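Topology and contacts: notes
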Amino acid sequence: MTLAEIKAFARKAAFAARREAFARGQGTACARLSEALEPFAGAPLAGYMPIRTEIDPRPAMAAHFGPVAVPVIEGTGLPLRFHRWTPDCVMCDGPFGAAIPAEAEEVTPRVLIVPLLAFDRRGFRLGYGGGFYDRTLEGLRAAGPVTAIGFAFAAQEVEEVPTEPTDAALDLIVTDAETIVPDPA
Ligand SMILES: Nc1nc2c(c(=O)[nH]1)N(C=O)[C@@H](CNc1ccc(C(=O)N[C@@H](CCC(=O)O)C(=O)O)cc1)CN2
Ligand SMILES: Nc1ncnc2c1ncn2[C@@H]1O[C@H](COP(=O)(O)OP(=O)(O)OP(=O)(O)O)[C@@H](O)[C@H]1O
């Protein structure tokens, strides 16, 4: 199997695990996320509008003190941009089914809540396969410190996510069960 095939296979299993966890509900995950975001009060935050069976970070986004933004796809092979979001802002349809703010006010995030399909304790994640967050984190980290917080159901943990050199690692993972400080070793 090629790495692309291994990742595709892992995505299928991860979708199934996430679907089951989603049906059970997300418990106190968002309170734990808000706690993890406390040190970043005042800093620009990137969240996301949940699609499919992604865990919902919006309560923590709404509670954040400071500007909050959501990802906007510019094109295949390009990093994500982030546009200012508020709980009551007007949204419109973006590419790939995630809603984006109707008004485009660019924000450069210092901390990001990162959606994922699967994660491991090293801090690696599997996304939908666009490489969007990998490219985005690479670009942001080249410009200064950023903190990437993976947000997921505990059931999305795997022993080892299949990785390649361009995969950007997470700095913290928050689940409905615990907050994990990744151990890259
Ligand atoms: N909530 C949320 N918003 C997000 C992301 C995300 O992962 N979650 N993204 C993070 O990147 C970007 C959207 N990326 C996406 C990339 C692919 C697919 C998708 O459905 N892909 C199809 C295959 C498409 C194809 O290959 O033609 C699929 O998986 O079936 C969805 C979102 C920006 N916004
Ligand atoms: N920084 C980068 N520069 C060039 N190519 C990249 C970069 N990051 C990822 N890629 C390429 O993008 C493709 C998709 O990457 P990958 O399978 O890791 O996506 P993903 O992390 O699952 O998706 P996403 O980050 O959008 O949620 C791969 O072919 C990968 O090599």
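Above this note sits the structure.
Cut-offs and rules
Sequence order as written defines residue numbering, which begins from 1 separately in each chain. Following the order in which they are written, the chains are lettered starting with A and the ligands numbered starting with 1. Two thresholds apply to this predicted model, a pLDDT of at least 70 for residue-level local features and 80 or more for giving and counting side-chain atom pairs, whereas whole-chain, interface and lining totals are computed over all residues. Neither water nor hydrogens contribute to the side-chain values; these are computed over all heavy atoms in the structure. Remark: nonpolar core denotes a set of buried residues (Ala, Val, Leu, Ile, Met, Phe, Trp, Tyr, Cys) joined through side-chain atoms within 4.5 Å. Residue burial is assigned from relative accessible area. The probe radius is 1.4 Å, only protein chains are included, and a residue is buried under 20% of its type maximum, exposed over 50%, and partly exposed in between. Going along the chain from the N terminus, every DSSP run of H or I of four or more residues is numbered as a helix, and every run of E of two or more is numbered as a strand. Note on contacts: a residue pair qualifies if any of its non-hydrogen atoms lie within 4.5 Å across the two residues. Distance thresholds for patches are 9 Å for like charges and 5 Å for nonpolar side chains (Val, Leu, Ile, Met, Phe, Trp, Tyr), applied to residues having over 30% relative accessible area and no salt bridge. Shrake-Rupley sampling with a 1.4 Å probe provides the accessible areas, and residues are treated as covered by the protein chains on show and by no other component. Salt bridges are defined by distance alone: a side-chain nitrogen of Lys or Arg within 4 Å of a carboxyl oxygen of Asp or Glu. Here a polar contact means two N or O atoms within 3.5 Å. Within protein one must be a hydrogen donor candidate and the other an acceptor candidate, and residues neighboring in sequence count only if both atoms are side-chain atoms. Here, any two strands with at least 2 DSSP bridges between them count as paired. It suffices for a single heavy atom of a residue to lie within 4 Å of a molecule or strand for the residue to be listed as near it. Whether a set of points on the 1 Å grid over the protein atoms alone is a cavity depends on a 1.4 Å probe fitting there but being unable to get out, while an open set qualifies as a pocket with protein on both sides within 12 Å along at least five of seven lines; lining residues are those with an atom within 4 Å of a point. Just a note on the criterion: a molecule sits in a pocket or cavity if more than half of its atoms are within 2 Å of the grid points. Three residue categories are used. Nonpolar comprises Ala, Val, Leu, Ile, Met, Phe, Trp, Tyr, Cys and Pro, charged comprises Asp, Glu, Lys and Arg, and polar comprises the others, including Gly. Grid points are joined across faces, edges and corners, and a volume is the space filled by probe spheres set on the points.

Our next topic: the nonpolar core. Core analysis: the largest hydrophobic core is formed by 44 residues, its most contacted members being Leu-33, Leu-37, Leu-112, Ile-113, Ile-149 and Phe-151. When contributions to this core are tallied by element, the ones reaching two or more residues are α2 (29–37), β1 (45–46), α3 (58–63), β2 (68–72), β6 (111–114), α4 (132–143), β9 (147–151) and β10 (172–174). With five residues, α2 is the single largest residue contributor to this core. Excluding its chain neighbours within four sequence positions, the residues that come into contact with Ile-149 are Leu-33, Ala-36, Leu-37, Val-111, Leu-112, Ile-113, Val-114, Leu-170, Leu-172 and Val-174.

We now examine unusual backbone geometry. You will see that Arg-52, though not glycine, has its phi angle at about 50°, which is positive. With respect to the helices and strands, the residue Arg-52 is situated in the loop between β1 and α3. A residue is classified by how much of its surface remains accessible, and Arg-52, at 58% relative accessible area, is exposed.

Together, Met-1, Leu-3, Ile-6 and Phe-9 make up a nonpolar patch on the protein surface, roughly 440 Å² of accessible area in all. In this structure, Ile-6 sits in helix α1 (residues 3–24).

Relative to the helices and strands, Lys-7 resides in helix α1. One polar contact links Lys-7 to Glu-164, side chain to side chain, over a distance of 2.8 Å.

Turning to the pairing of β6, a few remarks are in order. Side chains Val-111 and Ile-113 project from β6 onto one buried face, and the interleaved Leu-112 and Val-114 project onto a second face that is buried too. Summarising the sheet, β6 and β9 pair through four bridges and their orientation is parallel. Of the residues in β9, the one forming a bridge with Ile-113 is Ile-149.

With that settled, consider the site of ligand 2. In the vicinity of ligand 2 lie 17 residues, with Arg-125, Gly-127, Phe-132, Glu-138 and Asp-167 positioned nearest. One nitrogen or oxygen atom from the main chain of Gly-130 is found 3.4 Å from an oxygen atom belonging to ligand 2. One of the backbone N or O atoms of Phe-132 is found 2.8 Å from an oxygen atom in ligand 2. About the coverage of ligand 2: the protein hides 76% of its 640 Å² of free accessible area. Spatially, ligand 2 is embedded in the largest pocket. Sort the elements by how many residues they give to the shell around ligand 2 and α4 lands first, with five residues. In terms of residue class, the shell around ligand 2 is made up of four nonpolar, five polar and eight charged.

The topology assignment puts Thr-136 in helix α4. As a C-alpha pair, Thr-136 and Arg-11 span 125 residues in sequence and 21 Å in three-dimensional space. Beyond its immediate stretch of four places on either side in the chain, Thr-136 contacts Pro-79, Leu-80 and Phe-82. Polar side-chain contacts of Thr-136 include one of 2.8 Å to the backbone nitrogen of Leu-80.

Before going further, it helps to examine empty space enclosed by the protein. By the definition in use, this model includes one cavity of 30 Å³ or more. The space that makes up the largest cavity amounts to roughly 30 Å³. If you go around the largest cavity, the residues you meet are Arg-18, Tyr-48, Glu-54, Ile-55, Pro-115, Leu-116, Phe-151, Ala-152 and Gln-156.

Enumeration according to the criterion identifies ten salt bridges in this entry. The partner of Lys-7 in a salt bridge is Glu-164, with the nearest N and O atoms 2.8 Å apart. Within this pair, whereas Lys-7 is found in helix α1, its partner Glu-164 is found in the loop between β9 and β10, the two being separated by 157 residues in sequence. Here Glu-164 falls in the partly exposed class, since its relative accessible area comes to 33%. Arg-121 is the salt-bridge partner of Glu-157, the closest N and O atoms lying 2.9 Å from each other.

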